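So you can see what is in the structure, the chains are spelled out below.
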Amino acid sequence: MIATALLVAGKDLRIEARSRVLLWQVLPFGVVALVLAGIALGPARAGHSDAAPGLFYLVTLFVTLLGVNRSTQIEGASGTRSSVATLGLDPAGVFLGKALALAVELWAIGAVLLAGSVLLLHAALAGTLQALPSVAVTLGALAAAGSLYGALCGGAGTATLLPAISFPGFVPLLIAGERAYHSALAGGALWQWWLISLVALAAYVGLGVLLYGVLEESW
Amino acid sequence: MPVVTLEGAVVSAAGYPLLAGVDLVVEPETLTVVTGPNGAGKTSLLRLLGGLVGLSGGRAEVCGIDLAAGNRRALRRRVGWLGHEGSFYDDLSVRENLVFAARALERPLSAIDPALERVGLAGRSETSARLLSAGQRRRLGLAWLLVRRAELWLLDEPYASLDDEGRDFLDRLLADVVGAGATVVLSAHDPLRSSTLAPRTLAMAGGRVVGDVPGGRP
């Protein structure tokens, strides 16, 4: 399972390195969304800082949806799907690999968006650095949940359902992540929100390992 | 022991029968061509043999695996599939696609260069699959199968998009892989006109086998 996960993750990341879809399409979208959010808030510096965690995670949600769609699209062509299916890869390993690759991509984009939060939304640098581990865990949970929902919506003609179907699953993660980042900026305790993100990460990884094969078969 | 045994095999999708009771026996180390018009059930038959669709009724045993028992995943590792749409990741290079397939099936990477030589893509191994012509994509798909060393080759309209040289190349390759012990089932709109091969030819219509011409000498 681990060998399959590493193989699939390496393949997805290599495809991203070649195609640069996330670099040239998704990342600019995220930065523009962050800039627009800052403009919409107006010039009040204090208000920006207070809203930064929520805006960061709102933009991260959009970026995650695009990333999940891209990750699903890679396997989407009918001939590719059939050929790869005949490789007989362990579905749990495929899920872990796709989630890992998506997590790596989200971590990279998240780092840029966090820098944007500091520069454009005036979030405190020290608090943002303190929030880094919780952001990493939350983005990991989003990647696991997104890979599962991506498989759920992987059939032809159902990709546009992803935002609606994944929304209930993403909301607790976004709230926990936002609260953790907010607490870090305010100098408060983080662990309660960390715990939610960690439990969600474990739950989505467990669900994905169990269910990915079933969802894959339904494509 | 036959590689394929189908008895009244039915495959349906959304209540519509794609295969409506197919009886078929395919012996090992043979080449079988499935012909018929669009919608006759050729691709559905190949997909059933590859474990890519479930059996809705009847009996099916492929490579010794009973498909009615539902163990399609075990079968898939033993077959090679070449679809007419292309069978690989467009953003990876020719070599990277083959490395992925070899690693997934725990085949030696040393099989890649001979396979590329064999299909005439040795000089394009670092080219992105997206940049290959239709004929070259078909050759990459064949290299993928050579690296896999599948027991049962399932080729969906492999002659489409090939020029005369490509058709001759494919004829020679199929003769070699059958000679080396593999079994090949391929689909085509019309019976093959080959100077190298004399395959068994099945005619399909309406999800059934309606004609069966045994193979012979070319």
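This one's a predicted model, so the numbers in the text were calculated from it and none came from an experiment. (Residues numbered from 1 in each chain as written. Chains lettered and ligands numbered in written order. Predicted model: local features only at pLDDT ≥ 70, side-chain atom pairs only at ≥ 80, totals over all residues. Heavy atoms only, no water.)

Chemist: Would you take a moment to explain the pairing of strand 9 (residues 200-205) of chain B for this structure?
Modeler: Within a regular strand, the side chains alternate between the two sheet faces. All names here are of chain B. In this structure, strand 3 (residues 31-35) lies alongside strand 9, joined through four bridges in parallel fashion. Note on strand 9: the bridge partner recorded for Thr32 is Arg200. Between strand 9 and the antiparallel strand that follows it, strand 10 (residues 208-213), lie two residues; Gly206 among them carries a positive phi value of about 60°. (Pairing = 2+ DSSP bridges. Helix = DSSP H or I, 4+ residues; strand = E, 2+ residues; numbered from the N terminus.)

Chemist: How should I be thinking about the sheet that holds strand 9 of chain B in this particular structure?
Modeler: Each strand in a sheet pairs with another by means of backbone hydrogen bonds, the pair being arranged parallel or else antiparallel. Residue and element names in this part refer to chain B. Read from one edge of the open sheet, six strands run 6-7-8-3-9-10, paired in mixed fashion. Looking at strand neighbours, the two that pair on one side only are strand 6 (79-82) and strand 10, the edges of this open sheet. This sheet shows a mean twist of 20° between the axes of neighbouring strands, independent of strand direction. When strand 7 (residues 152-156) meets strand 8 (residues 183-188), the two strands line up parallel, connected through five bridges. Bridge pairing in strand 8 links Asp156 to Ser187. Most of the contacts of helix 5 (residues 134-148) go to strand 6, to which it runs at about 175°, and overall it touches strand 6 and strand 7. Sitting on the sheet, helix 6 (residues 164-179) is in contact with strand 3, strand 7 and strand 8, with an inclination near 150° to strand 8. (Axes fitted to C-alpha atoms, helices over the stretch in contact; angles between N-to-C directions. Contact = heavy atoms within 4.5 Å.)

Chemist: What's the story with the sheet that holds strand 5 (residues 65-66) of chain B in this structure? I'm lost.
Modeler: All names here are of chain B. Read across the open sheet, the four strands follow the order 2-1-4-5; overall the sheet is antiparallel. Two strands bound the open sheet, and with one partner strand each, they are strand 2 (16-26) and strand 5. Alignment of strand 1 (residues 4-13) against strand 2, held across eight bridges, turns out to be antiparallel. Looking at strand 2, one finds that Val10 is bridged to Ala20.

Chemist: Please explain helix 5 of chain B as it appears in this structure.
Modeler: Each α-helix winds once per 3.6 residues, and so residues spaced three or four apart point in a common direction. Residues and elements named next belong to chain B. The end-to-end C-alpha distance of helix 5 is 21 Å, a good match for the 21 Å that 15 residues give at a rise of 1.5 Å each. Judged by how many residues are buried, helix 5 sits mostly within the fold: 12 of 15 residues are covered. Here helix 5 has its buried residues at Gly135, Arg137, Arg138, Arg139, Leu140, Gly141, Leu142, Ala143, Trp144, Leu145, Val147 and Arg148. Backbone geometry just after helix 5 places Arg149 at a positive phi near 55°. (Expected span 1.5 Å × (residues − 1). Buried < 20%, exposed > 50% of the residue type's maximum accessible area, 1.4 Å probe, protein only.)

Chemist: What's the story with helix 2 (residues 21-41) of chain A in this structure? I'm lost.
Modeler: All names here are of chain A. With 21 residues, helix 2 extends 29 Å from end C-alpha to end C-alpha; this agrees with the ideal 30 Å at 1.5 Å per step. Along helix 2, the positions that sit buried rather than exposed are Val21, Leu22, Val26, Leu27, Gly30, Ala33, Leu34, Ala37 and Gly38. Where helix 2 ends, the next residue or the one after it, Gly42, has phi of about 85°, a positive value.

Chemist: Would you mind going over the pairing of strand 8 of chain B with me for this structure?
Modeler: Residue and element names in this part refer to chain B. Of all six residues that make up strand 8, six are buried, and the element is covered over most of its length. Residues Thr183, Val185 and Ser187 point to one face of strand 8 and Val184, Leu186 and Ala188 to the other, with burial holding for every one of them. In the sheet, strand 3 pairs with strand 8 via five bridges, with the strands oriented parallel. Across the sheet, Val34 pairs through a bridge with Ser187, a residue of strand 8. One crossover worth recording links strand 7 to the parallel strand 8 by way of helix 6, and it is right-handed. (Right-handed = clockwise from strand over helix to strand, strands pointing away.)

Chemist: I keep staring at the packing of aromatic side chains and nothing clicks. Help me out?
Modeler: Within a pair of aromatic rings, the relevant descriptors are the distance that separates the centres and the angle that separates the planes. Overall, the coordinates contain seven aromatic pairs over all chains when judged by the stated rule. For the pair Phe95(A) and Tyr212(A), a centre-to-centre distance of 5.8 Å together with 45° between the ring planes defines the contact as tilted. Here Phe95(A) is found in helix 5 (residues 91-120), whereas its partner Tyr212(A) is found in helix 8 (residues 191-217), with 117 residues between them in sequence. Under the relative-accessibility criterion, Tyr212(A) is labelled buried at 4%. Measuring from centroid to centroid gives 5.6 Å for Tyr89(B) and Phe100(B), while their planes differ by 80°, and the two rings are edge-to-face. Here Tyr89(B), found in the loop between strand 6 and helix 3 (94-104), pairs with Phe100(B), found in helix 3; they are 11 residues apart in sequence, far enough to count as distant. For Tyr89(B), a relative accessible area of 2% corresponds to the buried category. Pairwise contacts between aromatic rings join Phe56(A), Tyr57(A) and Tyr181(A) into one cluster. A cation sits over an aromatic face here: Arg47(B) above Trp81(B), 5.7 Å from the ring centre. If you follow Arg139(B) out to its NZ or CZ, it ends over the ring of Phe169(B), 4.4 Å from the centre. (Phe/Tyr/Trp six-rings, centres within 6.5 Å; stacked < 30°, edge-to-face > 60°. Lys NZ or Arg CZ within 6 Å of the ring centre and 35° of its normal.)

Chemist: What's the story with the nonpolar core in this structure? I'm lost.
Modeler: The tendency in soluble globular proteins is for nonpolar side chains to be buried side by side. Counting residues in each nonpolar core, the largest one holds 103 residues, and the members touching the most others are Leu87(A), Leu89(A), Phe170(A), Trp153(B), Leu174(B), Val184(B) and Leu186(B). Both domain 1 (1-78 + 151-218) and domain 2 (88-149) of chain B contribute no fewer than three residues apiece to this core. Non-local contacts of Leu186(B), meaning those with residues more than four positions away in its chain, are made with Leu31(B), Thr32(B), Val33(B), Val34(B), Leu155(B), Pro158(B), Tyr159(B) and Leu174(B). Counting residues in hydrophobic clusters, the runner-up holds 30 residues, among them Val34(B), Leu46(B), Leu202(B) and Met204(B). (Core = buried A, V, L, I, M, F, W, Y, C linked by side-chain atoms within 4.5 Å. Domains from an automatic or database assignment.)

Chemist: Looking at this structure, how should I read the pattern of salt bridges?
Modeler: Should their charged atoms come close, side chains of opposite charge can pair. Residue and element names in this part refer to chain A. Under the counting rule described, the total for this entry stands at 17 salt bridges over all chains. With a shortest N-O distance of 2.8 Å, Lys98 and Glu75 are connected by a salt bridge. Residue Lys98 is found in helix 5, and its partner Glu75 is found in the loop between helix 3 (45-74) and helix 4 (78-85); the two are separated by 23 residues along the sequence. Among the residues examined, Lys98 registers a relative accessible area of 4% and is labelled buried. Judged by relative accessible area, which is 11%, Glu75 ranks as buried. Each of Lys11, Asp12, Glu75 and Lys98 takes part in one network of salt bridges that share partners. (Salt bridge = Lys/Arg side-chain N within 4 Å of Asp/Glu carboxyl O.)

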